[in-house]
Amino acid sequence: MNDRSQFRVLEAVIASIIVVATFAVSTQLGRVARSRSAMSNVVLADEAFSIISQLCDSGILDSILSSDNPQRELDSVLRTFLQPGMCFKAMVYEVDTSSGYPKLIRLFDSPVTNIPEGYEPPEMISVKYFYTSLETEKMYLLVLSVGRRE
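Below: a short report on this structure. (Residues numbered from 1 in each chain as written. Predicted model: local features only at pLDDT ≥ 70, side-chain atom pairs only at ≥ 80, totals over all residues. Heavy atoms only, no water.)

**Considering the overall build of the protein chain**
If you tally the helices and strands in the protein chain, you get 4 helices and 5 strands. Along the protein chain, from the amino end to the carboxyl end, the secondary structure elements read α-α-α-α-β-β-β-β-β. For 150 residues, the compact-globule estimate of 2.2 N^0.38 gives 15 Å, and the C-alpha radius of gyration of the protein chain, at 25 Å, exceeds that figure by more than 25%. Taken along its principal axes, the extent of the C-alpha atoms in the protein chain is 95 × 35 × 25 Å. Within the protein chain, the fraction of its 150 residues that count as buried is 31%. Put simply, 60% of the contacts in the protein chain that link residues at least 6 apart link residues at least 24 apart. Of the accessible surface of the protein chain, which amounts to about 10200 Å², a share of 57% is contributed by carbon and sulfur atoms. Charged side chains of the protein chain number 14 positive and 18 negative; the gap between the two group centres comes to 8 Å. (Helix = DSSP H or I, 4+ residues; strand = E, 2+ residues; numbered from the N terminus. Rg over C-alpha atoms; globule rule 2.2 N^0.38 Å. Buried < 20%, exposed > 50% of the residue type's maximum accessible area, 1.4 Å probe, protein only. Contact = heavy atoms within 4.5 Å. Areas by Shrake-Rupley, 256 points an atom, 1.4 Å probe, with all protein chains shown as cover. Lys, Arg positive; Asp, Glu negative; His and termini not counted. Charge placed at Lys NZ, Arg CZ, Asp CG, Glu CD.)

Next up, the structure:
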């Protein structure tokens, strides 16, 4: 093999390394660009309202509330629907209007949350949503607080 052909082989190897490195960098940049970040209260409120409306409109909330362990089901669904790095605290109340005045009845003993005890998220926003179940014809109040972990 002469010097010219050795140079061509070396040139092909370097070009292959450049192509592979460029592809790896562009894939990483694309992954970062697709991830949403919650930076402001408006974005956090939109995220919370979007999740609550998805739960109610799709009938998932009705199936959660009629399940054997609704607290665990709600926790699982919120962990699935929320983007990574988000923390949440949710509470569901039944609205009792039989006495003429609305009265809130807690459905869970404690809030459904993924926030570790003692940790205070730097920013959180709460969204309240009234929902009337088509199955049970009961009214519920959902309170979902979402925040961003740092």
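**Here's the deal with the pairing of strand S5 (residues 139-148)**
Judged by how many residues are buried, S5 sits mostly within the fold: 9 of 10 residues are covered. Here 10 bridges tie strand S1 (residues 86-96) to S5, and the two strands are oriented antiparallel to one another. Bridge pairing in S5 places Val92 opposite Leu142. In this structure, the hairpin formed by strand S4 (residues 124-132) and S5 is closed by a connection of 6 residues, where Glu137 is found at a positive phi of approximately 60°. (Pairing = 2+ DSSP bridges.)

**Some thoughts on empty space enclosed by the protein**
In total, this model carries 1 cavity of 30 Å³ or more according to the counting rule given. What lines the largest cavity is Ile52, Leu55, Leu74, Leu78, Ala90, Met91, Val92, Leu142, Val143 and Leu144. Of all elements in the fold, only helix H2 (41-58), helix H4 (70-81), S1 and S5 reach the threshold of two or more residues within the lining of the largest cavity. In terms of residue class, the lining of the largest cavity is built from 10 nonpolar, no polar and no charged. (1 Å grid on protein atoms, 1.4 Å probe; cavity = no way out; pocket = protein on both sides within 12 Å on 5 of 7 lines; lining within 4 Å. Points joined across faces, edges and corners; volume = space filled by probe spheres on them. Nonpolar A, V, L, I, M, F, W, Y, C, P; charged D, E, K, R; others polar.)

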